[in-house]
Amino acid sequence: MALYRPTVRLLSTVPRLHQRAEHWQDYVRDGFVGSVAKTPLVKLKGPSEETGCNILAKIESMQPGGSVKDRAALYLVKDAEERGVLKAGGTVVEGTAGNTGIGLAHICNAKGYQCVIYMPDTQSQEKIDTLRTLGADVRPVPAVAFTDPMNYNHQAKRFAESLENAVWTNQFDNVANKRSHVETTGPELWSQTGGELDAFTCATGTGGTLAGTADYLKTVNPNIQIVLADPPGSVLYNYFTQGKLERHGTGSITEGIGQGRVTDNMKGALVDDAVSIPDDQSVRRAFQLLHEEGYCVGASSGLNVQAAIEVAKKLGPGHTVATIICDSGFRYATRIFNKAWLESKNLLAAVPEVYHHTLQ
């Protein structure tokens, strides 16, 4: 009889195991495209203890392409396919500071398209190298204002128009970007928090993540506060707090966030408030997230978490605030984790002294 006892024990656990299996059944996904979205939402211990609130972060570095921009990239390509402007073997062209390009390069590989990326020559070498490894045709160009015809976005548009079966996906003003967050990020946050969410905050470049997530969350609960987080040198803080398109500060070391205009994705965004986060606070928080929470992030994610802390302090203890960990800090290793680079930006003092020995 002893031989049968393990079988009895196993049978007694079948209902519980079946429930677990049902929970995981959608985790066998259909290739790269099917694996975009559904990222973990985690509670950050240090920020939560500091504020007396639940500070939650979507870990978008766990997307298949490594950043939150995988969501937008997928929807931008789907939009072109649905409109019939992109057919088999075609070319996707985009102007991007890096992460959207990386997402597009992955999607193009998965779907059989060519990928051409125009980007400002101010972006990290890690991003450029990654894009080229993925097979994208990368064209770094001088960083000039959007009003300049040589702005990387305008160059991308003109190049796409010169080709047959090609599309400029136009991430800044194509609202398919925002739709990706209305249909994925917002619902995920609502489901993962069980509806117990008081505020959402993040920085914005194209506007898709903040505006799209806000659209969904405000639909299910109009009382959820939507707070824009802005780096120095952007106009959006002043725009949402004073109604003026005026730059706040002189510039930032963060990549891919901040704006000099209101994009189509941001027009009509349901934003309740805005916070401006200086670079030294973004850098300090990035190092704390690495060494105290275990998440290697860049300055933009540091800014987002610092913004969530500021929002939580305004709301008071007992509230739940969510934000975004945009991508991995490994994409910025030669910058934010490099002593000489930090010194050149007068930001070495922002790194807690206890972590100086980890700098390259």
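Here, every reference points to the structure presented above.
Residues numbered from 1 in each chain as written. Predicted model: local features only at pLDDT ≥ 70, side-chain atom pairs only at ≥ 80, totals over all residues. Heavy atoms only, no water.

**Student:** Where do I start with the sheet that holds strand 4 (residues 114-120) in this structure?
**Tutor:** Two modes of strand pairing occur in sheets, parallel and antiparallel, and in both the strands are linked by backbone hydrogen bonds. The sheet built from four strands is open, its strands ordered 5-4-3-6 with parallel pairing. The two strands at the open ends of the sheet, each matched to only one other strand, are strand 5 (137-141) and strand 6 (166-168). Across the sheet, the axes of successive neighbouring strands diverge by a mean angle of 15°, strand direction being ignored. In this structure, strand 3 (residues 91-95) lies alongside strand 6, joined through three bridges in parallel fashion. When the sheet's bridge partners are listed, Val92 is paired in strand 6 with Val167. Sheet strands touched by helix 6 (residues 99-111): strand 3 and strand 4. Its angle to strand 4, the strand with the most contacts, is close to 175°. (Pairing = 2+ DSSP bridges. Helix = DSSP H or I, 4+ residues; strand = E, 2+ residues; numbered from the N terminus. Axes fitted to C-alpha atoms, helices over the stretch in contact; angles between N-to-C directions. Contact = heavy atoms within 4.5 Å.)

**Student:** What's the story with the environment of Val227 in this structure? I'm lost.
**Tutor:** Locating Val227 in the fold gives a position in strand 8 (residues 225-230). For the pair Val227 and Phe200, spaced 27 residues apart in the sequence, the C-alpha separation amounts to 6.3 Å. Excluding residues within four positions of it along the chain, Val227 makes contact with Phe200, Thr201, Cys202, Leu210, Asp273, Ala274, Val275 and Val311.

**Student:** Whenever I open this one, the packing of aromatic side chains confuses me. Can you help?
**Tutor:** Centre-to-centre distance and the angle between the planes together describe a pair of aromatic rings. As enumerated under the stated definition, the model contains three aromatic pairs in all. Ring geometry for Tyr239 versus Phe240: centroids 5.0 Å apart, planes at 85°, classification edge-to-face. Measuring from centroid to centroid gives 5.3 Å for Phe287 and Phe337, while their planes differ by 70°, and the two rings are edge-to-face. Placement of Phe287 in helix 12 (residues 279-293) and of Phe337 in the loop between strand 10 (320-325) and helix 14 (339-344) is noted, with a sequence separation of 50 residues between them. As far as burial versus exposure is concerned, Phe287 and Phe337 are alike and both buried. A cation sits over an aromatic face here: Arg139 above Phe159, 4.3 Å from the ring centre. Here the guanidinium or amino end of Arg261 rests over the ring plane of Phe146, the centre of that ring lying 3.8 Å away. (Phe/Tyr/Trp six-rings, centres within 6.5 Å; stacked < 30°, edge-to-face > 60°. Buried < 20%, exposed > 50% of the residue type's maximum accessible area, 1.4 Å probe, protein only. Lys NZ or Arg CZ within 6 Å of the ring centre and 35° of its normal.)

**Student:** What is the right way to look at helix 10 (residues 208-220) in this model?
**Tutor:** Residues lying three or four places apart along an α-helix face the same way, a consequence of the helix completing one turn every 3.6 residues. The end-to-end C-alpha distance of helix 10, which contains 13 residues, comes to 19 Å, matching closely the 18 Å that a straight helix rising 1.5 Å per residue would cover. Along helix 10, the residues that are buried comprise Gly208, Thr209, Leu210, Ala211, Gly212, Thr213, Ala214, Leu217 and Lys218. Residues of helix 10 that are buried sit in contact with helix 9 (176-192), strand 7 (199-203), strand 8 and strand 10. (Expected span 1.5 Å × (residues − 1).)

**Student:** Would you explain the pairing of strand 4 in this entry?
**Tutor:** Side-chain positions along a regular strand alternate between the two faces of the sheet. Most of strand 4 sits out of view: six of its seven residues are buried. Where strand 4 meets strand 5, five bridges bridge the pair, whose relative direction is parallel. Within strand 5, the position partnered with Val116 by the bridge is Asp137. In this view, the connection linking strand 4 to its parallel neighbour strand 5 by way of helix 7 (residues 125-133) has right-handed handedness. (Right-handed = clockwise from strand over helix to strand, strands pointing away.)

**Student:** I'm lost on the sheet that holds strand 2 (residues 54-59) in this one. Help?
**Tutor:** As summarised here, the arrangement of the six strands in space is 1-2-10-7-8-9, forming an open sheet in which the pairing is mixed. Sheet topology places strand 1 (41-43) and strand 9 (273-276) at the edges, where each strand pairs with a single neighbour. In this sheet, neighbouring strand axes are inclined to one another by 25° on average, regardless of whether the strands run parallel or antiparallel. Pairing between strand 8 and strand 9: four bridges, direction parallel.

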